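Read off the chains here:
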Amino acid sequence: MRFNDITLLSILNDYKIFQYSEVMRLLQEFQSVEKIFDAQQKELEQFVSSSKVNKFIKFRDEFNFEPYYRMIRELSKKNVTILPFYHEKYPELLKTISNPPLVLFHKGSLLEFSNCIAVVGTRNLSHYGHKMARKLSQELAQAGYTIVSGLARGTDTEAHCGALDVGGRTIAVLANNITEIYPPENEKLSSDIIKSGAILSESTILKKLNKSNFVLRNRITSGLSKCVVVIESGNKRGTSHQVKIAHDQNKPIFLLKPIELNSTSANDFNEFIELGAIPFTSSNEILSQIQDNGEIFKKNLEVVKDAPVTCEEWTVIPSKSNPSNSFISNKSPKKILNSRLEDFIK
């Protein structure tokens, strides 16, 4: 196999033939993604079920790798940073969830993810919801937190704009690939975000967008964050799904009290409370709860003007055991992969 590890990780992440823990187990044994793709069926079956190995072998033998290789090279022209799971700038909190992305595509100036709060909710906010999503995001950003949301209409847009209103930082986690902004009216907003914050996605331009992408995106939004703030929920149940994911990740959930008892949000309110969500009416209540739990975060946000790992910085180094080339980062050598695998085995 002559393709570099980033290309192969992106393929594994897009198609998700193996679970994250299985990929870690295989990497611990084979020491590189390239060697996993080169392994014989009997070798793989020592660590993963035969059914999955059969599926992987069929996929590997029939898959056209060239488009992925070209895509990874092209991303360097679009100022996209590639963060494999073992990179030093990969979000630490995200590593703690059960199924983190193998690769993140990053665009922007912010590469510090330790001080994040997710603000989520429906696209179809009430007037009160619009007001509170913006106000709460402003106040949390002023308190030194990075606001994480999904760049969708409604709650997400208000959350991002609220952080930017006060000169704060915000991260947009996309369901689609990082080069295509949706909805289109948020193109300008995305440009503003990357000046001081970041846009993240695990998807590539070669993987077709479907509903599952939005579900998978939710685990990243809450996975990045210390806690999740819920504004309002809607009929499409996306917010409900996000809350359940956050609950499964053991994230503190703060739930804005509804003012209309007949609303969908009011109906969901009791359901979320049963999951352990904490009701609130102001940002001070969130901040005091965080402080009471000892979660006082430092305002040491790091802005990196020059992204530390882009496609152009991946150097071709001949492998001693294989005449084909493998790609490693000058700033994140492959020895990091070997030294850190123990930390990722579930």
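Above this text you will find the structure in question.
Draft legend 1. Up close: the environment of Arg217. If you trace the backbone, Arg217 turns up in helix H10 (residues 211-223). The buried category is assigned to Arg217, whose relative accessible area is 8%. Taking the C-alpha atoms as reference, Arg217 lies 9.8 Å from Pro101; in sequence the two are 116 residues apart. With residues up to four places along the chain from it excluded, the contact list for Arg217 reads Arg123, Gly150, Val173, Leu174 and Ala175.

Draft legend 2. Quick look at the pattern of salt bridges. Counted by the stated rule, this structure contains 14 salt bridges. Lys77 serves as the salt-bridge partner of Glu74, at 3.0 Å between the closest nitrogen and oxygen. On the accessibility criterion, Glu74 (40% relative accessible area) is partly exposed. Between Glu202 and Arg219 there is a salt bridge, with its nearest N and O atoms 2.6 Å apart. Of this pair, Glu202 sits in the loop between strand S6 (198-201) and H10 while Arg219 is found in helix H10, placing the two residues 17 residues apart along the sequence. Neither Glu202 nor Arg219 differs from the other in exposure class; each is buried.

Draft legend 3. Up close: the pairing of strand S7 (residues 227-230). Judged by which residues are buried, S7 turns out to be covered on both faces: Cys227 and Val229 on one side and Val228 and Val230 on the other are all buried. Taken together, the four bridges between strand S3 (residues 116-120) and S7 define a ladder with parallel strand orientation. Its bridge partner lying in S7, Ile117 is registered against Cys227. Here S7 pairs with strand S8 (residues 253-256) via three bridges, running parallel. Bridge pairing links Val228 to Ile253 in S8.

Draft legend 4. Spatial organisation of the nonpolar core. Core analysis: the biggest nonpolar cluster contains 72 residues, and Leu44, Phe56, Phe85, Leu102, Ile171 and Leu224 have the highest contact counts within it. If you tally residues by element for this core, the top one is helix H2 (residues 20-30), at six residues. Formed by 21 residues, the second largest nonpolar core is a distinct cluster that contains Ala133, Ala163, Ile231 and Leu287.

Draft legend 5. Representation of unusual backbone geometry within the structure. Residue Pro183 is bonded to the preceding Tyr182 through a cis peptide linkage, with omega at 0°. In this fold, Pro183 is placed in the loop between strand S5 (170-173) and helix H9 (187-196). Look at Lys16: it is not a glycine, yet its phi comes out positive at around 50°. Structurally, the position occupied by Lys16 is in the loop between helix H1 (5-15) and H2. Unusually for a residue other than glycine, Asn250 sits at a positive phi of about 60°. You can see Asn250 is positioned in the loop between helix H11 (238-248) and S8.

Draft legend 6. Representation of the pairing of strand S4 (residues 146-149) in the model. A two-sided burial pattern is seen for S4, the buried positions comprising Thr146 and Val148 on one face and Ile147 and Ser149 on the other. Bridge count for S3 against S4 is three bridges, and the pairing is parallel. Looking at S4, one finds that Cys116 is bridged to Thr146. Read as a crossover between parallel neighbours, the route from S3 over helix H7 (residues 127-142) to S4 is right-handed. Pairing between S4 and S5: three bridges, direction parallel. Residue pairing across strands places Ile147 opposite Thr170, the latter belonging to S5. The parallel pair S4 and S5 is bridged by helix H8 (residues 155-165), and the resulting crossover is right-handed.

Rules used throughout
- Residues numbered from 1 in each chain as written.
- Predicted model: local features only at pLDDT ≥ 70, side-chain atom pairs only at ≥ 80, totals over all residues.
- Heavy atoms only, no water.
- Helix = DSSP H or I, 4+ residues; strand = E, 2+ residues; numbered from the N terminus.
- Buried < 20%, exposed > 50% of the residue type's maximum accessible area, 1.4 Å probe, protein only.
- Contact = heavy atoms within 4.5 Å.
- Salt bridge = Lys/Arg side-chain N within 4 Å of Asp/Glu carboxyl O.
- Pairing = 2+ DSSP bridges.
- Core = buried A, V, L, I, M, F, W, Y, C linked by side-chain atoms within 4.5 Å.
- Right-handed = clockwise from strand over helix to strand, strands pointing away.

In short, shape yes, function no, at least from these values alone.
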